[in-house]
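# A look at the structure
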Amino acid sequence: MISNTDGPAVLAPREACVPVPAGGWLWAERSGHGSPVVLLHGAGMDSRLWDAVVPELARHRDVIRYDARGLGRSTPPGEPFSDIDDLRAVLDHFGLRQAALVGLSMGGETSLDFALTHPERVTALALIGASVSGHVWPRSPELSAYAAARREQDTAALAELELSIWAAMGHTAPGGELIEAMVIQNAKRRVVSEQHSSAGPNAEAHLGDIAAPTLVVHGDRDHPEIGVIAERLVTGIPDARGEMIPNADHYLPLRAPESLTRLLLAHLP
């Protein structure tokens, strides 16, 4: 246990290996106390995305973060898998009947898909720079190059484009060194994982069915289409609330952790 004179004592992080369907396991970490919250990172990243958020969040909540299939310290898939099923395996492993879900980008998409598939298990949603299954992205030279790098499994080009498009604030902005390390280290793992990933439901067509209280957050320096999706989520999900955080691109939890944590603590049960 870690003591903190400014707040309650926080249980030291506990690592776990979570078995997943069809074999393999996910690396996970649990810390803190209170109502449960699961943090889901985006594609090409890993759970280090939340390094600057977890310490304060864990003073008030029971926080679980994990590396998605094939990324970070989790094992690579050898056959088709579902991120929805993997998230359910995480909840089951930790004995959680319900939890709040906080997801960025792909993690936000998984959170939405899970809330539609298992609504009884989700107490709240916080969608950060989220993508959404079923959304048709506009055509542009940079996004076409990004899609081609993923399709052709050109990991060097993929990492370079990930950083130029999604980490537009650059290496010298807050969290820059960690962002660059995550992207480069996960580029090859990502293309392997994405070969086996199953598509989720068309969540964009069913936003009105989301029952969990929902917070939608994006950064003012994120890709413009993320802002379009954020507006679609706010207008489509009943009673959803939107927030834009200044001086943050797609890697918002590392660019503006204090602002994000304040919003999460105010929103999460």
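Heads up: the structure comes first, above all this text.
Here goes a summary of the coordinates provided. Please read all numbers here as calculations on a predicted model, not as lab measurements. (Residues numbered from 1 in each chain as written. Predicted model: local features only at pLDDT ≥ 70, side-chain atom pairs only at ≥ 80, totals over all residues. Heavy atoms only, no water.)

## Regarding helix α9 (residues 257–267)
Since the α-helix packs 3.6 residues into each turn, any two residues three or four apart lie on the same face. Where α9 is concerned, the buried positions are P257, L260, T261, L263, L264 and H267. Considered in projection along α9, the buried side chains sweep an arc of 165° and stay on one side of the axis. More than 90 degrees from the buried face of α9, the exposed residues found are E258, R262 and A266. In the core, the buried residues of α9 are packed alongside α1 (54–57), β5 (99–104), β6 (122–128), β7 (214–219), β8 (241–245) and α8 (252–255). (Buried < 20%, exposed > 50% of the residue type's maximum accessible area, 1.4 Å probe, protein only. Helix = DSSP H or I, 4+ residues; strand = E, 2+ residues; numbered from the N terminus. Arc of directions from axis to C-beta. Contact = heavy atoms within 4.5 Å.)

## Focus on empty space enclosed by the protein
All told, the structure shown has three cavities of 30 Å³ or more when counted by the stated rule. There is about 60 Å³ of room inside the largest cavity. Taken together, L40, H41, Y66, A68, D83, M106, G107 and T110 make up the full set of residues lining the largest cavity. Considering each element in turn, the lining of the largest cavity owes the most residues, three residues, to helix α3 (residues 106–117). Along the lines of polarity and charge, the residues of the lining of the largest cavity split into four nonpolar, three polar and one charged. The calculated volume of the second largest cavity comes to roughly 40 Å³. Around the second largest cavity sit G44, L158, A159, E162, V183, N186, A187 and R190, which together line it. Of all the elements in the fold, those that place two or more residues in the lining of the second largest cavity are α5 (155–166) and α6 (176–194). Take the lining of the second largest cavity: its biggest share by element is four residues, from α6. (1 Å grid on protein atoms, 1.4 Å probe; cavity = no way out; pocket = protein on both sides within 12 Å on 5 of 7 lines; lining within 4 Å. Points joined across faces, edges and corners; volume = space filled by probe spheres on them. Nonpolar A, V, L, I, M, F, W, Y, C, P; charged D, E, K, R; others polar.)

## Let's talk about the layout of surface pockets
One way to see where empty space is left: roll a probe the size of a water molecule over the atoms. Here the largest pocket is characterised by a volume of approximately 950 Å³. Elements with a minimum of two residues in the lining of the largest pocket: α2 (83–93), α3, α4 (141–152), α5 and α6. Taken together, the residues that form the lining of the largest pocket break down as 16 nonpolar, 14 polar and nine charged.

## Description of the side chain of D62
Checked against the element boundaries, D62 lands in strand β4 (residues 62–66). The exposure class of D62 is buried, given its relative accessible area of 8%. Here D62 is in contact with R30, S31, G32, H33, G34, S35, P36 and V37, once residues within four sequence places are set aside.

## Quick word on the packing of aromatic side chains
Within the structure shown, the criterion is met by two aromatic pairs. With centroids separated by 6.1 Å and ring planes inclined at 80°, the aromatic side chains of W137 and W166 adopt a geometry described as edge-to-face. Taken together, the residues W137 in the loop between β6 and α4 and W166 in helix α5 connect sequence positions 29 residues apart. Overall, the relative accessible area of 7% leaves W166 in the buried class. Members of the aromatic cluster, joined through ring pairs, are W137, Y146 and W166. Stacked on the ring of W27, the Lys or Arg R73 has its end atom at 3.6 Å from the ring centre. (Phe/Tyr/Trp six-rings, centres within 6.5 Å; stacked < 30°, edge-to-face > 60°. Lys NZ or Arg CZ within 6 Å of the ring centre and 35° of its normal.)

## Some thoughts on the pairing of strand β3 (residues 36–40)
Counting buried residues along β3, four of its five residues qualify, which places the element largely inside the surrounding structure. Where β3 and β4 come together, four bridges link them in parallel fashion. Bridge pairing in β4 links P36 to D62. As paired elements, β3 and β5 share four bridges and run parallel to each other. When the sheet's bridge partners are listed, V37 is paired in β5 with A100. (Pairing = 2+ DSSP bridges.)

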